[in-house]
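Per-entry structural report
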Amino acid sequence: MITDALFTDFNNDGKVDLIVTGEWMPVTFFKNTGKGFEAVKTGLENNIGWWNSIVAGDFDGDGDIDYIVGNLGLNTNYTCSTSEPLTILAKDLDNNGSLDAMVFGYMKAEDGTMKPFPMSTKGDLEDQVISMKKKFPTYTAYGAATIDDIWSATDKQDAIMLQANYMQTSYIENEGNGQFKIKPLPLETQAAPVYGMIAEDVDGDGNLDLLMVGNDYGMEPYTGRMDAFNGLYLRGDGKGNFQPFTLAQSGFYVPGDAKGLAKIHDAKGEDLYIATQNQDSLLVFSKSTSNKSSNWINLQAEDFSADIFYANSTKKHVEFYYGSTYLSQSSRKLELTSDIDKVVITNFKGEKREVPNK
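Overview of the structure. (Residues numbered from 1 in each chain as written. Predicted model: local features only at pLDDT ≥ 70, side-chain atom pairs only at ≥ 80, totals over all residues. Heavy atoms only, no water.)

1. Observations concerning the overall build of the protein
When its secondary structure is counted, the protein shows six helices and 26 strands. The principal-axis extent of the C-alpha atoms belonging to the protein is close to 80 × 50 × 35 Å. Looking at the protein as a whole, 46% of its 358 residues qualify as buried. Within the protein, counting contacts between residues at least 6 apart in sequence, those at least 24 apart form 53% of the total. Total accessible area computed for the protein in this model is approximately 17,600 Å², and 50% of it derives from carbon and sulfur atoms. Where the 31 positive side-chain charges of the protein centre and where its 51 negative ones centre are 3 Å apart. (Helix = DSSP H or I, 4+ residues; strand = E, 2+ residues; numbered from the N terminus. Buried < 20%, exposed > 50% of the residue type's maximum accessible area, 1.4 Å probe, protein only. Contact = heavy atoms within 4.5 Å. Areas by Shrake-Rupley, 256 points an atom, 1.4 Å probe, with all protein chains shown as cover. Lys, Arg positive; Asp, Glu negative; His and termini not counted. Charge placed at Lys NZ, Arg CZ, Asp CG, Glu CD.)

2. Points about the sheet that holds strand β6 (residues 53–57)
Taking strand neighbours across the sheet as the criterion, the four strands line up as β6-β7-β12-β13 in an open arrangement whose pairing is antiparallel. Edge positions in the open sheet fall to β6 and β13 (179–184), since each of these has one partner strand only. Each strand axis lies, on average, 25° off the axis of its neighbour in the sheet, ignoring direction. Here β6 runs beside strand β7 (residues 66–70); their pairing, made up of five bridges, is antiparallel. Note on β7: the bridge partner recorded for A56 is Y67. (Pairing = 2+ DSSP bridges. Axes fitted to C-alpha atoms, helices over the stretch in contact; angles between N-to-C directions.)

3. Observations concerning the packing of aromatic side chains
Within this structure, the stated rule accounts for 17 aromatic pairs. Seen from their ring centres, F136 and Y142 are 6.1 Å apart, and the 70° between their planes marks the pair as edge-to-face. The two residues F136 and Y142 agree in class, both being buried. An angle of 70° between the planes, with centres 4.9 Å apart, marks the rings of Y195 and Y326 as edge-to-face. Of this pair, Y195 sits in strand β14 (residues 194–200) while Y326 sits in the loop between β23 (315–319) and β24 (333–336), and the two are 131 residues apart along the sequence. (Phe/Tyr/Trp six-rings, centres within 6.5 Å; stacked < 30°, edge-to-face > 60°.)

4. Considering the pattern of salt bridges
What the rule picks out here adds up to 12 salt bridges. The partner of K181 in a salt bridge is E173, with the nearest N and O atoms 3.7 Å apart. Between K287 and E200 there is a salt bridge whose closest N-O contact spans 3.4 Å. Taken together, the positions of K287 in the loop between β20 (283–286) and β21 (295–298) and E200 in strand β14 put the pair 87 residues apart, joining distant regions of the chain. (Salt bridge = Lys/Arg side-chain N within 4 Å of Asp/Glu carboxyl O.)

5. With respect to empty space enclosed by the protein
Gaps between atoms show up when a probe of the same size as a water molecule is rolled over them. Under the criterion given, the structure shown has one cavity of 30 Å³ or more. Space inside the largest cavity adds up to approximately 30 Å³. Around the largest cavity, the lining residues are K263, I264, H265, D271, W296, S331 and K333. If you tally residues by element for the lining of the largest cavity, the top one is strand β18 (residues 258–265), at three residues. In the lining of the largest cavity, the residues fall into two nonpolar, two polar and three charged. (1 Å grid on protein atoms, 1.4 Å probe; cavity = no way out; pocket = protein on both sides within 12 Å on 5 of 7 lines; lining within 4 Å. Points joined across faces, edges and corners; volume = space filled by probe spheres on them. Nonpolar A, V, L, I, M, F, W, Y, C, P; charged D, E, K, R; others polar.)

6. Digging into the nonpolar core
One finds I19, V27, F29, Y67, I172 and F180 to be the most contacted residues of the largest nonpolar core, which totals 17 residues. Leave out the neighbours within four places in its chain, and F180 touches F10, F29, T42, L44, Y67, I172, E173, N174 and E175. Of all hydrophobic cores here, the second largest spans 14 residues; its members include L210, M212, F229 and L232. (Core = buried A, V, L, I, M, F, W, Y, C linked by side-chain atoms within 4.5 Å.)

7. Examining unusual backbone geometry
Even without glycine at this site, W24 takes up a positive phi of about 60°. For W24, the location among the structural elements is in strand β2 (residues 17–26). Located in the positive-phi region is T325, a residue other than glycine, with phi close to 75°. Along the chain, the position of T325 falls in the loop between β23 and β24. Relative accessible area serves as the criterion here: at 2%, T325 is assigned to the buried category.

8. A closer look at a nonpolar patch on the surface
A surface patch of nonpolar side chains, amounting to about 270 Å² of accessible area, comprises L99, I160 and L162. By secondary structure assignment, the location of I160 is in strand β11 (residues 160–164). (Patch = residues over 30% accessible without salt bridge, like charges linked within 9 Å, V, L, I, M, F, W, Y side chains within 5 Å.)

9. Re the sheet that holds strand β10 (residues 114–118)
Across the sheet, which stays open at both edges, the four strands sit in the order β10-β9-β8-β11 with antiparallel pairing between neighbours. Pairing within the sheet leaves two strands with one partner each, and these edge strands are β10 and β11. Strand-to-strand, the axes of this sheet are offset by a mean angle of 25°, without reference to chain direction. As paired elements, strand β9 (residues 100–108) and β10 share five bridges and run antiparallel to each other. From the neighbouring strand, M107 faces β10, where its bridge partner is K115.

10. Comments concerning the side chain of T346
With respect to the helices and strands, T346 occurs in strand β25 (residues 340–347). Of note is the side chain of T346, whose polar atom sits 3.0 Å from the side chain of K352. Among residues more than four places away in sequence, those in contact with T346 are D303, F304, S305, E351 and K352. (Polar contact = N/O pair within 3.5 Å; in protein donor to acceptor, adjacent residues only side chain to side chain.)

This is how it looks when you write it as structure tokens:
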């Protein structure tokens, strides 16, 4: 199930590539060949998660674009690893015309070893496949049943089988030459599923920071709400590391079933951050301080990226997106602070134009 997609030049060849996230799959990269898109190997093929969202930026200051990807997190029943993956099997077992899907995760068996057991309750499984009531007449029998007891070798033939082994919300560092390195973000980001994210320099120190929202109230009763996330601000150090702030320190508090997160630029020249919460209030935040000396560029429809040249002879590369993170779209504007000398903007066709900072 595809959850998010981002058009971005991940290999720095001037063409707009595509990255896709989803459930039961790795973060998947498609290179723009000039005639279409071609899946490429990046070193992340074995990191298979329940990915929700993606945002981009040069978080380590090396001139190429890195990525932050929201995942399920670690505060759930759905724990997994490479040696003990989550598994989903799906097939029409009872020949009633509908697909019967079951998820299995590793738990300790009676003999002390770890084995894959069903994640569904006995009643839920019987509601889906009535023959399970006869096959496992007692809770004791069902409690001891592993994946091989429930799915015979014949049942597994022609069945859909997918696995997941990595649930951490993570930072993907672009190492160049089409290769990437993944590492989990701090533990505070793993408390619940992460959906909406914004990557920008919140505190004005020149490094990209992160704002995040999440939670999921739509899980089945066995799991319950995943509601331990209250929104999070992480300060970036410009080297790919992030320091989480408490709610009291940041003032960024989004406690509900939060999904979308976007930034809009208002008529007063200030940025507003808007977070959506399912069946709850829309929350709006503003910075405690704003840079009134900044100029703002209204980006053209086809503008894709820019090289920003500073008065101290340093340079920064940024991209502009249509849709970034989960079901969200921020204002397409570029802030020119007083320390910027000029900006060179490139559009989707590769055409460039220079914009001085007046």
